[in-house]
Amino acid sequence: MGRRTVAALAVVSVTGVLALTGCGLRDHRDAVGAPGSSPSAMPSVAPKAPLPSGRPLGADAHVPSPSGVDGTDATEVSEAWAEVAYGHDTKYDYGPHDAVLRSARWFTAPKAAAERSYHPASGAGNEWNTWAGHRAWTTVDVSADDDADGPADTAVLAYRALFVEGTAHGRDGWTGTGPRASVYLKLTRAGDGRPWRISEVETVEAATPPSPPTSSSPSPVSSTSSSSATTPS
C-alpha cells in the first residue's frame, strides 16, 4: 500500500502538517482529565483500573533494538524511535504503551517521566486482541513524509513527519496487518552537536483493513500464558 494511501485512510485528519508548523504538537495520550480540562470532558462513568506494564522480555521476545543510531541526526533518532515504539510483542506486552516505554531512551527527561507515570485505563482494542490471539509480534517499515512542509531545523529544534506501515507475525504462522500511522515529532537538544531527544509526539492512526482469512491458521483465541491486550498498549 502506498504511503499516501495510508495517510488517506487516517481516522483523524490533520490539516496540512499542523504539528510541524504551529505552537507545538498535541501529546498522543488521552487529554481526558488533564489539568485545566472542563468538567464536560470528564467520563460519565468510572474508568477501568489502570493496567500494569508488560512482563520482562524473554529470550524468544521479538522486539527491535536499533544500534548505531547517530544521536546528532534528528532523522535517525526519529526513525529509530518509531521502529521501537511500534515494535510490539503480545506474548509479553499488555498493550501498545509497553513499546512506547521501551522507546523512552529517545525522549526528553520530562517526556520520559510523563510516559512512565501514564497508565492507560482502557483496553487496547480489537486489533491488539487479534494480534494477541495469535501471540503475534509486529515489525514496521518507517519512512519520511517527504511532502511535509515543516520548518527548517535550527541548532536546538527539529520536526519530523513519518509514515509507519507494519505487519503482525503470529507464533502460529498467521500473518496480518500491523501498526499503520502517520507520526509527527518535535525534537529538541541542548546545543549544536548534542544528541536530539523527542519532546512531543502526534500520532494519526490509519484505518485498519480486515486481515485476509487463512485456512491453515487456527482461529484467534485469548492467550493465557502471555501478556495480551485483553487486559493493556
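Everything numeric in this text was worked out from a predicted model, so none of it was measured.

Draft legend 1. Fine view of the pattern of salt bridges. Considering all chains together, one arrives at seven salt bridges under this definition. Note that Glu 200 and Lys 186 form a salt bridge whose closest N and O atoms lie 3.5 Å from each other. Residue Glu 200 is found in strand E4 (residues 197–205), and its partner Lys 186 is found in strand E3 (residues 175–188); the two are separated by 14 residues along the sequence. In this pair, the class of Glu 200 matches that of Lys 186, namely buried.

Draft legend 2. Seen up close, the nonpolar core. Counting 24 residues, the largest nonpolar core has Trp 81, Phe 107, Val 183, Leu 185, Leu 187 and Ile 198 as its most contacted members. Counting only elements with at least two residues in this core, the list comes to helix H3 (74–85), strand E2 (157–169), E3 and E4. Here this core gets seven residues from one element, more than from any other, and that element is H3. The contacts of Leu 187, once residues within four sequence positions are left out, are Ala 74, Val 77, Ser 78, Val 156, Leu 157, Ala 158, Arg 160, Trp 196, Arg 197, Ile 198 and Ser 199. With six residues, the next largest nonpolar core counts Trp 128, Trp 131, Ala 136 and Trp 174 among its residues.

Draft legend 3. Region of interest: the pairing of E3. In terms of burial, E3 is largely enclosed, as twelve of its 14 residues are buried. The hairpin formed by E2 and E3 contains five residues between the paired strands, and Gly 173 there has a positive phi angle of roughly 95 degrees. Direction of pairing for E3 relative to E4: antiparallel, over a ladder of eight bridges. Along E4, the bridge assignment pairs Ala 181 with Glu 205.

Draft legend 4. View of the packing of aromatic side chains. In this structure the tally under the stated criterion is three aromatic pairs. Ring geometry for Trp 81 and Phe 107: centres 6.2 Å apart, planes at 50 degrees, overall tilted. Note that Trp 81 is positioned in helix H3 and Phe 107 in the loop between helix H4 (97–102) and helix H5 (109–117), a separation of 26 residues in sequence. Taken as a pair, Trp 81 and Phe 107 share a single burial class, namely buried. What links up through ring pairs into an aromatic cluster is the set Trp 81, Tyr 86 and Phe 107. Across from the ring centre of Phe 107, 5.7 Å away, lies the NZ or CZ of Lys 111, which sits over that ring.

Draft legend 5. Expanded view of unusual backbone geometry. Not every positive phi belongs to a glycine, and Arg 135 is a case in point at roughly 50 degrees. Structurally, Arg 135 can be placed in the loop between helix H6 (126–133) and strand E1 (137–144). Classification of Arg 135 by relative accessible area gives partly exposed; the value is 24%.

Draft legend 6. Summary view of H5. Listed as buried for H5 are Lys 111, Ala 112 and Glu 115. In a view along the axis of H5, the buried residues occupy a sector of 100 degrees, so they form one face of it. Pointing more than 90 degrees away from the buried face of H5 are the exposed residues Ala 109, Pro 110 and Ser 117. Packing partners of the buried residues in H5 comprise H4 and E4.

Draft legend 7. Focus on the sheet that holds E4. Taking strand neighbours across the sheet as the criterion, the four strands line up as E1-E2-E3-E4 in an open arrangement whose pairing is antiparallel. Of all strands in the sheet, those bounded by a partner on one side alone are E1 and E4. Looking at each pair of strands side by side, their axes are set apart by 30 degrees on average, direction ignored. Both E2 and E3 contribute to a ladder of twelve bridges, which runs antiparallel. The partner of Ala 168 across the bridge, within E3, is Gly 176. Along the sheet, H3 makes contact with E1, E2, E3 and E4, crossing E2 at roughly 30 degrees. Across the sheet, H6 touches E1, E2 and E3, and the angle it forms with E3 is around 125 degrees.

Cut-offs used in this document
- Residues numbered from 1 in each chain as written.
- Predicted model: local features only at pLDDT ≥ 70, side-chain atom pairs only at ≥ 80, totals over all residues.
- Heavy atoms only, no water.
- Salt bridge = Lys/Arg side-chain N within 4 Å of Asp/Glu carboxyl O.
- Helix = DSSP H or I, 4+ residues; strand = E, 2+ residues; numbered from the N terminus.
- Buried < 20%, exposed > 50% of the residue type's maximum accessible area, 1.4 Å probe, protein only.
- Core = buried A, V, L, I, M, F, W, Y, C linked by side-chain atoms within 4.5 Å.
- Contact = heavy atoms within 4.5 Å.
- Pairing = 2+ DSSP bridges.
- Phe/Tyr/Trp six-rings, centres within 6.5 Å; stacked < 30°, edge-to-face > 60°.
- Lys NZ or Arg CZ within 6 Å of the ring centre and 35° of its normal.
- Arc of directions from axis to C-beta.
- Axes fitted to C-alpha atoms, helices over the stretch in contact; angles between N-to-C directions.

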